[in-house]
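One-letter residues, chain by chain:
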Amino acid sequence: MLQPLISVGIELILWLAIFNATDSLTIGGFDRNMYLAYVVWAPFLGRVGISWMYESMMVEEVASGNINIVLTRPISFYEYYLSQLMGYKFTTTIVSIIIPLIITQIYQLPINYSRLPLAFSLVICYLFLIHNLSFIVSTLAFFMTKVKSFTLVKNLSLWLLAGELVPIDLMPAVLAKILLILPFSSGVYIPVAYMTGRCQIDLIYQGFISVFVSFILSSILCRLLWSKGLREYTGTGA
Amino acid sequence: MSFADTIKKYYILYKSFFRASFVADLEFRFNFFILICAEFIWYSTQLILYEVLYRHTSRLAGWNLDQMRVFIFLALFVDSIYMILWDPNFVKFADDLRKGNLDLLLTKPVNEIFMLTSQKISISHVPCFFITGGGLVWALSQLPDFNWFKMLWLIIMIPSGLSVIFCGRFALNATTILFQRADFLQYVWFSLFRFGLRPDGIYGAVMNGFFRYIMIFILPFAMVASIPARFLLEPLNPLYLIWGILMPMILLTLTQKYWNYCVRNYSSASS
């Protein structure tokens, strides 16, 4: 509980300082409270839409050969970890949503609660894509000895591309357009922008389409890498 | 053993650690390359944040974009030194403890803090050291009439800033001895360290400026890069200079005392 509170606190201070420093009441067309709402909700959704722990476990299973056990189960490696990830995300989200809700109430931040269900639906769809990416990274362990660095690169890139660091609409127009077309903005920027009123429902629909297309493409890659990986793999042990 | 012999002994030890780390890191070359990419992405994100913010404001925390670039490159430069020298050791500290490796280190005729914090050197961060150092020089060259002799202040202020990171991280890791399992402290550290990656001027908006003094004198994360950047960008403030010299001594003494306390409460993890 302490870590998200500190992170949110620092970002709140930064944005308060930015608004103190500027003569204008708005930045990029949005007022102070809208940014504060973004700063409170973006790290929360950022943590929901990322997989460090389960990806590390998946990589470890493949690299260490423990995958033998999973292969004999009546559930696939993909489904086994997907169910674990979803269960974990569901419980942690239920608990940790209290923090942004309380801060939103205290500071009377502009959150449109009727938009929460659709925004969270997009994040749930995005989680399937994230699981696919984790699966792809873990299959690389069939071919390489060390792949943990891929997790680091991928998650850092997602952090930037999702708009958790800075709202995408503040970036240069061309870059913002590209980032919005990519599916990763559906993890943080689009749902938070929709909840805070920075964007309308058309962007949410665009997010669903983008995530769906990426999910299909990544699923094909998952299947290819998994089949090729299993052909390369030699299970050892009792 | 004379002081010179002691220095020589530690130098030889450190050279061996460096050689071993170099070989270990380059053993998996592709992984090494990806790690370098990861560091570049991380450092880029910090730069991008401010570049984007300054598209919408001309001053932040009292600094314009050119001044802020000096601060952020300095912060990243200090961070890269810390990452090269100590970070891998702090990351595996809790594991060492659980596996009972600390027992072995405590019996060696070498300072255990040195052994715990210096065995692994992160070679993958060396390129970042040069890039951020180059970035700092470039950022300073953008300042009109910059007096390059001011760079000499960094000889005092960078070690001072590093002492904050070293002592803070080490103290949190040492706490693992008391709690047996304290992975959460790693996350607390990452959150706290973000205070050091922001200019101290922004804390002036909190608690009527009192919070900024907390960040300088009590939880001195502002001493990592923000105050050192002021030495380059602003006229000298003697108070900060005195504190920059005194603080590392205080922190290292307190850290040593805390470590001794933790070791007194240590119950071996090995059989």
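Residues numbered from 1 in each chain as written. Chains lettered and ligands numbered in written order. Predicted model: local features only at pLDDT ≥ 70, side-chain atom pairs only at ≥ 80, totals over all residues. Heavy atoms only, no water.

Draft legend 1. Fine view of the packing of helix H3 (residues 53-64) of chain A against helix H7 (residues 116-139) of chain A. Residue and element names in this part refer to chain A. Two elements in contact, H3 and H7, have axes separated by 8 Å at closest approach and are oriented at 30 degrees. Classified by the interaxial angle, the pair formed by H3 and H7 is roughly parallel. The handedness of the crossing between H3 and H7 comes out as right-handed. Between H3 and H7, the contacting residues are Glu55, Met58, Val59 and Val62 on the first element and His131, Ser134, Phe135, Val137 and Ser138 on the second. Its residues assigned to classes, the contact of H3 with H7 shows 5 nonpolar, 3 polar and 1 charged. (Axes fitted to C-alpha atoms, helices over the stretch in contact; angles between N-to-C directions. Helix = DSSP H or I, 4+ residues; strand = E, 2+ residues; numbered from the N terminus. Parallel < 35°, antiparallel > 145°, perpendicular 65-115°, else oblique. Left-handed = near helix turned anticlockwise from the far one by under 90°. Contact = heavy atoms within 4.5 Å. Nonpolar A, V, L, I, M, F, W, Y, C, P; charged D, E, K, R; others polar.)

Draft legend 2. Structural context of the interface of chain A and chain B. In this assembly, 32 residues from chain A lie in contact with 33 residues from chain B. At the boundary of chain A with chain B, total buried surface from both sides reaches about 3000 Å², with 79% on carbon and sulfur atoms. In this assembly, chain A and chain B are joined by 0 salt bridges. Counting across the interface, chain A meets chain B through 2 residue pairs in polar contact (both at pLDDT 80 or more). Taken together, the elements giving at least two residues each to the side of chain A that touches chain B come down to helix H1 (2-21) and helix H8 (148-161) of chain A. The element that contributes the greatest number of residues to the side of chain A that touches chain B is H1 of chain A, accounting for 13 residues. Considered class by class, the residues forming the side of chain A that touches chain B number 22 nonpolar, 8 polar and 2 charged. (Buried area = accessible area lost by both parts, 1.4 Å probe. Salt bridge = Lys/Arg side-chain N within 4 Å of Asp/Glu carboxyl O. Polar contact = N/O pair within 3.5 Å; in protein donor to acceptor, adjacent residues only side chain to side chain.)

Draft legend 3. Seen up close, the state of the cysteines. Across all of its chains, the model carries 0 disulfides over all chains by this definition. Between Cys125 of chain A, a cysteine without a disulfide, and Cys199 of chain A, which holds the nearest cysteine sulfur, the sulfur-to-sulfur distance is 16 Å. With relative accessibility at 30%, the residue Cys125 of chain A sits in the partly exposed group. We note that Cys37 of chain B lacks a disulfide partner, and the nearest cysteine sulfur, in Cys128 of chain B, lies 9.9 Å from it. (Disulfide = S-S within 2.5 Å. Buried < 20%, exposed > 50% of the residue type's maximum accessible area, 1.4 Å probe, protein only.)

Draft legend 4. Geometry of the pattern of salt bridges. Residues and elements named next belong to chain B. For the structure on display, the rule yields 9 salt bridges over all chains. A salt bridge links Asp25 to Lys120; the nearest nitrogen and oxygen atoms lie 3.0 Å apart. With Asp25 in helix H1 (residues 3-27) and Lys120 in the loop between helix H7 (112-118) and helix H8 (126-141), this pair connects stretches of sequence that are 95 residues apart. Among the residues examined, Asp25 registers a relative accessible area of 17% and is labelled buried. Under the relative-accessibility criterion, Lys120 is labelled partly exposed at 24%. For Arg212, the salt bridge is made with Asp200, and the minimal N-O distance between the two is 2.5 Å. Here Arg212 is found in helix H11 (residues 210-218), whereas its partner Asp200 is found in the loop between helix H10 (184-193) and H11, with 12 residues between them in sequence. For Arg212, a relative accessible area of 14% gives the class buried. On the basis of relative accessibility, which here comes to 0%, the residue Asp200 falls in the buried class. Residues participating in the shared-partner salt-bridge network are Asp200, Arg212, Arg230 and Glu234.

Draft legend 5. Representation of the layout of surface pockets within the structure. All names here are of chain B. Looking at the second largest pocket, its volume works out to about 400 Å³. Considering the residues around the second largest pocket, the lining is formed by 14 residues, among which Trp86, Ile113, Thr117, Phe166 and Leu252 are closest to the centre. Mapped onto the lining of the second largest pocket, the elements with two or more residues apiece are H7, helix H9 (153-179) and helix H13 (238-264). Across the lining of the second largest pocket, the residue classes break down as 8 nonpolar, 6 polar and no charged. (1 Å grid on protein atoms, 1.4 Å probe; cavity = no way out; pocket = protein on both sides within 12 Å on 5 of 7 lines; lining within 4 Å. Points joined across faces, edges and corners; volume = space filled by probe spheres on them.)

Draft legend 6. Examining unusual backbone geometry more closely. Non-glycine residue Gln108 of chain A carries a positive phi angle of around 50 degrees. Along the polypeptide, Gln108 of chain A turns up in the loop between helix H6 (98-107) and H7. Positive phi values are uncommon outside glycine, yet Ala61 of chain B reaches one of about 55 degrees. In this structure, Ala61 of chain B sits in the loop between helix H2 (29-53) and helix H3 (65-85). With a relative accessible area of 16%, Ala61 of chain B lands in the buried category.

Draft legend 7. Structural detail: the side chain of Asn132 of chain A. Residues and elements named next belong to chain A. Turning to its location among the elements, Asn132 is positioned in helix H7. On the basis of relative accessibility, which here comes to 0%, the residue Asn132 falls in the buried class. A polar contact of 3.0 Å, which involves the side chain of Asn132, links it to the side chain of Ser219. If sequence neighbours within four positions are ignored, Asn132 has contacts with Tyr78, Phe215, Ser218, Ser219 and Cys222.

Draft legend 8. Local environment of the confidence of the model for chain B. When pLDDT is averaged along chain B, the result is 88; 97% of the residues meet or exceed 70. Across the whole predicted complex the pTM is 0.85, and at the interface the ipTM reaches 0.77. (pLDDT = per-residue confidence, 0-100.)

Draft legend 9. Structural view of empty space enclosed by the protein. Residues and elements named next belong to chain B. One pass over the structure, following the stated rule, counts 1 cavity of 30 Å³ or more. Of the volumes computed, that of the largest cavity is approximately 30 Å³. Along its surface, the largest cavity is lined by Leu47, Tyr50, Glu51, Leu65, Met68, Arg69 and Ile72. Of all the secondary-structure elements, those providing two or more residues to the lining of the largest cavity are H2 and H3. The biggest single contributor to the lining of the largest cavity is H3, with 4 residues. Considered class by class, the residues forming the lining of the largest cavity number 5 nonpolar, no polar and 2 charged.

Draft legend 10. Summary view of the packing of aromatic side chains. Residues and elements named next belong to chain A. Within the structure shown, the criterion is met by 45 aromatic pairs over all chains. One aromatic cluster in this structure is built from Tyr54, Phe77, Tyr78, Tyr80, Tyr81, Tyr88, Phe135, Phe142, Phe143 and Trp226. If you follow Arg198 out to its NZ or CZ, it ends over the ring of Phe30, 4.4 Å from the centre. When the ring centre of Tyr35 is taken as origin, the NZ or CZ atom of Arg198, which lies over that ring, is 4.4 Å away. (Phe/Tyr/Trp six-rings, centres within 6.5 Å; stacked < 30°, edge-to-face > 60°. Lys NZ or Arg CZ within 6 Å of the ring centre and 35° of its normal.)

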